[in-house]
Amino acid sequence: MESPISRTDLNCISLADPDIQKSVELLKQACLDSGFFYVVDHGISQEFMDEVFAQSKKFFDLPHSEKMKLLRDEKNRGYTPMLDEILDPENQVNGDYKEGYYIGVEVPADSPDANRPFYGPNQWPSEEVLPKWREVMEQYHREALRVAKLVARIIALALDLDVDFFDRTEMLGEPIATLRLLHYEGQVSNPAKGVYGAGAHSDYGLITLLATDDVVGLQICKDRNAQPQVWEYVAPVKGGFIVNLGDMLERWSNSIFRSTLHRVVLDGRQRYSIAYFVEPSHDCVVECLPTCKSETNPPKFPPITCSAYLSQRYKDTHTDLSTYSDGKA
């Protein structure tokens, strides 16, 4: 039986606060408690955020046939149709009732780096269909990466590392950073019957910056092992980001900092959100940080490269692309 769902209070971190130690303490507490917090005063104007959401809606309003011309490729760039992703196969009867659009780091097709997973040219709607769309999304990608790097500096201090630990080339100097536009159709979720906007999952990478409209839907579960699981709504925050830690940072911190289960439960209204997933470079080895291990707390996870870890996680949750060409999906 589901417990009644309440709202949770999250710590709020201002990137304009001159007292960096206060931000570090707030973030540290949030990462120990739930792995979720708000970030405000990040320097991206409300006017521009509104424009990004407006452009996102323009894409999702296109006919299905037009969107399918931009179906995601083997690099996970482009359109993901409704039900393409299944994040919680044990509890979902179908896939997620959402459609999305992936935009990664733009790398020309003739660059040697284009052969690496998650790097390569993006797919873009034509200027005739959606003028200015690419320009707006590329600007947002740059702005969000700037914010993510500022948050990573606070995380570094909270883990007793040098402030620039994540700034290095092998970390966020050459990141795998992916912008994902999301649209949830106007449907009512039914967890008891396995129907969700997005199934319960934790994010894969380092951190995620989430911008949402004002439609409530995101829920978190602070203790995944509790029976029954207790879910709490995270309220949207106008002009701010909901930030959460990914599994990669949990591995790095030896489970001291937490990546938390979350899901989207819909109430019948359409919902739009924009997720920005930030991971280190392909060859970065994710292994227990020196400040997070001791004789009594030895490393819990084996070292793994960022590229290998992400590739497996994407493969596990997305429909095989061949099903689209076979006409099965």
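Residues numbered from 1 in each chain as written. Predicted model: local features only at pLDDT ≥ 70, side-chain atom pairs only at ≥ 80, totals over all residues. Heavy atoms only, no water.

Just so we agree on the cut-off: UniProt positions are given in the numbering used here, feature names are shortened, and annotations may be inferred rather than shown by experiment.
Going by the annotation in an unreviewed UniProt entry, the name recorded for the chain is Fe2OG dioxygenase domain-containing protein, with Urochloa decumbens given as the source organism. Quoted verbatim from the Sequence similarities (unreviewed entry) field of the UniProt record, the comment on the chain reads "Belongs to the iron/ascorbate-dependent oxidoreductase family."

1. Digging into the overall build of the chain
Formally: Strands here are runs of E lasting at least two residues and helices are runs of H or I lasting at least four, both read from the DSSP assignment and numbered beginning at the N terminus. For the radius of gyration, the atoms used are the C-alpha atoms, and the globule rule reads 2.2 Å times the number of residues raised to 0.38. In this scheme, a residue with accessible area under 20% of its type's maximum is buried, one over 50% is exposed, and one in between is partly exposed, where area comes from a 1.4 Å probe on protein chains only. Any two residues having at least one pair of non-hydrogen atoms within 4.5 Å are treated as being in contact.
Broken down by element type, the chain carries eight helices and 15 strands. Taking 20 Å as the expected radius of gyration for a compact globule of 329 residues, we find that the chain reaches 19 Å, a close match to that expectation. Across its three principal axes, the chain shows a C-alpha extent of roughly 55 × 55 × 40 Å. A buried classification covers 54% of the 329 residues belonging to the chain. Of all intrachain contacts in the chain linking residues separated by at least 6 positions in sequence, the fraction that spans at least 24 positions is 78%.

2. What to know about the environment of Glu135
Locating Glu135 in the fold gives a position in helix H4 (residues 133–158). Residue class for Glu135 comes out exposed when judged on its relative accessible area of 53%. When the C-alpha atoms of Glu135 and Ser111 are compared, they prove to be 22 Å apart, with 24 residues separating the residues in sequence.

3. Looking at the sheet that holds strand S1 (residues 6–7)
To keep things clear, this is the line we draw: Two strands are counted as paired when DSSP detects at least two bridges linking them.
With respect to topology, five strands assemble into an open sheet ordered S1-S10-S9-S12-S7, the strand pairing being mixed. Across the chains shown, the open sheet's two edge strands, defined by having one partner strand only, are S1 and strand S7 (198–201). Inspection of the sheet shows S7 paired to strand S12 (residues 261–264) by two bridges, in the antiparallel sense. Within the sheet, the bridge partner assigned to Ala198 lies in S12 and is Val264.

4. Section: the pattern of salt bridges
Rule in force here: Any carboxyl oxygen of Asp or Glu within 4 Å of a side-chain nitrogen of Lys or Arg constitutes a salt bridge here.
Inspection of every chain in the model, using the stated rule, returns 16 salt bridges. A salt bridge links Asp17 to Lys22; its shortest N-O distance comes to 3.5 Å. The class for Lys22 is partly exposed, based on a relative accessible area of 44%. The salt bridge involving Glu51 is made with Lys132; its shortest N-O contact spans 3.5 Å. One end of the pair, Glu51, is in helix H2 (residues 46–60); the other, Lys132, is in the loop between strand S5 (98–103) and H4, and 81 residues separate them in sequence.

5. A word on the packing of aromatic side chains
For clarity, the cut-off: Each Phe, Tyr or Trp ring, with Trp reduced to its six-membered ring, pairs with another whose centre is within 6.5 Å; inter-plane angles below 30 degrees give stacked pairs, above 60 give edge-to-face pairs, and intermediate values give tilted ones. Only lysine NZ and arginine CZ atoms are considered, and such an atom sits over a ring when it is within 6 Å of the ring centre and within 35 degrees of the ring normal.
Tallying each qualifying case throughout the model produces nine aromatic pairs. Ring plane angle 45° and centroid distance 5.7 Å describe the contact between Phe59 and Trp133, whose orientation is recorded as tilted. Within this pair, whereas Phe59 is found in helix H2, its partner Trp133 is found in helix H4, the two being separated by 74 residues in sequence. Exposure class is identical for Phe59 and Trp133. Each is buried. Taking 5.3 Å as the distance between ring centres and 80° as the angle between the ring planes, the aromatic pair formed by Tyr101 and Trp133 counts as edge-to-face. Placement of the pair is Tyr101 in strand S5 and Trp133 in helix H4, with a sequence separation of 32 residues. Residue classification places Tyr101 among the buried positions, given a relative accessible area of 0%. Three or more aromatic residues link up through ring pairs in this structure, and these residues are Phe59, Phe60, Tyr79, Tyr101, Trp124 and Trp133. The side chain of Arg168 reaches across the aromatic face of Phe165, ending 4.4 Å from its centre. The residue whose ring lies beneath Arg263 is Trp231, and the NZ or CZ to ring-centre distance is 4.0 Å.

6. Side note on the sheet that holds strand S6 (residues 176–184)
Across a sheet, strands are paired by hydrogen bonds formed along the backbone, either parallel or antiparallel in direction. Basically, it comes down to this: Where helices are involved, their axes are fitted lines through C-alpha atoms of the stretch in contact, as for all axes, and angles between N-to-C directions lie from 0 to 180°.
Across the sheet, which stays open at both edges, the eight strands sit in the order S2-S3-S11-S8-S13-S6-S5-S4 with mixed pairing between neighbours. The open sheet has two free edges, formed respectively by strand S2 (12–14) and strand S4 (78–80), since each of these has just one partner strand. Strand-to-strand, the axes of this sheet are offset by a mean angle of 25°, without reference to chain direction. Pairing of S5 with S6 involves six bridges; the strand directions are antiparallel. Paired with Ile103 across the strands is Leu179, a residue of S6. Helix-sheet contacts for helix H1 (residues 20–33) involve S2, strand S3 (36–40) and strand S11 (241–245), and the interaxial angle to S2 is about 150°. Running at roughly 110° to strand S13 (residues 271–279), H2 makes contact with S4, S5, S6, strand S8 (207–212), S11 and S13 of the sheet.

7. Overview of the nonpolar core
Let me state the cut-off plainly: Remark: nonpolar core denotes a set of buried residues (Ala, Val, Leu, Ile, Met, Phe, Trp, Tyr, Cys) joined through side-chain atoms within 4.5 Å.
Formed by 92 residues in total, the largest nonpolar core has its most connected members in Leu27, Phe37, Tyr140, Ile155, Phe166 and Ile207. Discounting residues that sit within four places of it in the chain, Tyr140 has contacts with Phe48, Met49, Val52, Leu179, Ala211, Phe241 and Ile274.

8. Details of H4
Keep this limit in mind: The span one expects for a helix is its residue count, reduced by one, times 1.5 Å.
Here H4 is 26 residues long and its end C-alpha atoms lie 37 Å apart, about the 38 Å a rise of 1.5 Å per residue gives. Downstream of H4 by a residue or two, Asp160 has a phi angle that is positive, lying close to 60°.

9. Examining the packing of H1 against H4
Using the following cut-off: For classification purposes, an angle smaller than 35 degrees is called roughly parallel, one larger than 145 roughly antiparallel, one from 65 to 115 roughly perpendicular, and anything else oblique. Classification used: nonpolar for Ala, Val, Leu, Ile, Met, Phe, Trp, Tyr, Cys and Pro, charged for Asp, Glu, Lys and Arg, polar for all others including Gly.
For the pair H1 and H4, the least separation of the axes is 9 Å and the interaxial angle reads 80°. When the interaxial angle is binned, H1 and H4 end up roughly perpendicular. Contacts between H1 and H4 pair Ile20, Ser23, Val24, Leu27 and Lys28 from the former with Val151, Ile154, Ile155, Leu157 and Ala158 from the latter. Each residue belonging to the contact of H1 with H4 can be placed in one class, and the counts come to eight nonpolar, one polar and one charged.

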